[in-house]
Amino acid sequence: SKRAKHHATQMRPRSRNLTQVHANTLEDIVYPATITGKNTRVALDGKKQIKIFLDPLDREKVDRKIDAMSCIYRKLTTHAIGIEFSKPNTFQKKVLENRKAN
């Protein structure tokens, strides 16, 4: 509110800055999957392209929802993101092969 006291010496907690709020919002949006990486590319004109990499083991759960997730994130934060699945490591490859065999 307008009347809330704000002291110049009082710092805003790290959990409440805008970057952290957007990161937590993204985690909530992609919930059944886990985020394994992020890549930010800045173009010469200053535009940022953000790619989010999800765990390949969660592909079955969220494969159909990827477009909706990026659209929801854009509506909430006005940041456009690309969501992809990361390359599976050796352990993840074995798990995926076992799932296909069963």
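This part is about the environment of Asp55. Looking at the element boundaries, Asp55 is found in the loop between strand S2 (48-54) and helix H2 (59-62). Exposure remark for Asp55: the relative accessible area of 12% places this residue in the buried category. Measuring from C-alpha to C-alpha, the distance between Asp55 and Gln92 comes to 9.1 Å, with 37 residues separating the pair along the chain.

Before going further, it helps to examine the confidence of the model for the protein. Summary statistics for the protein give a mean pLDDT of 88 and a share of 92% for residues scoring 70 or more. Averaged pLDDT values over the elements of the protein bottom out at 88 in H2 and peak at 94 in helix H3 (residues 66-77).

With that settled, consider the nonpolar core. Formed by 13 residues in total, the largest nonpolar core has its most connected members in Val30, Leu54 and Ile83. Those elements that place two or more of their residues in this core are helix H1 (18-29), S2, H3 and strand S3 (81-85). The residues contacting Ile83, other than those within four sequence positions of it, are Val30, Ile52, Leu54, Ile66, Met69 and Ser70.

A separate point is H1. The terminal C-alpha atoms of H1, which comprises twelve residues, lie 16 Å apart, in line with the 16 Å expected from a rise of 1.5 Å per residue. Contacts made by the buried residues of H1 are with strand S1 (35-42), S2, H3 and S3.

Spanning twelve residues, helix H4 (residues 90-101) covers 17 Å between terminal C-alpha atoms, matching the ideal 16 Å at 1.5 Å per step. Across the twelve residues of H4, one count as buried, placing the element largely on the outside. Sitting at the head of H4, Asn89 places a side-chain oxygen 3.3 Å from the backbone nitrogen of Phe91.

So, how was this worked out
Residues numbered from 1 in each chain as written. Predicted model: local features only at pLDDT ≥ 70, side-chain atom pairs only at ≥ 80, totals over all residues. Heavy atoms only, no water. Helix = DSSP H or I, 4+ residues; strand = E, 2+ residues; numbered from the N terminus. Buried < 20%, exposed > 50% of the residue type's maximum accessible area, 1.4 Å probe, protein only. pLDDT = per-residue confidence, 0-100. Core = buried A, V, L, I, M, F, W, Y, C linked by side-chain atoms within 4.5 Å. Contact = heavy atoms within 4.5 Å. Expected span 1.5 Å × (residues − 1). Polar contact = N/O pair within 3.5 Å; in protein donor to acceptor, adjacent residues only side chain to side chain.

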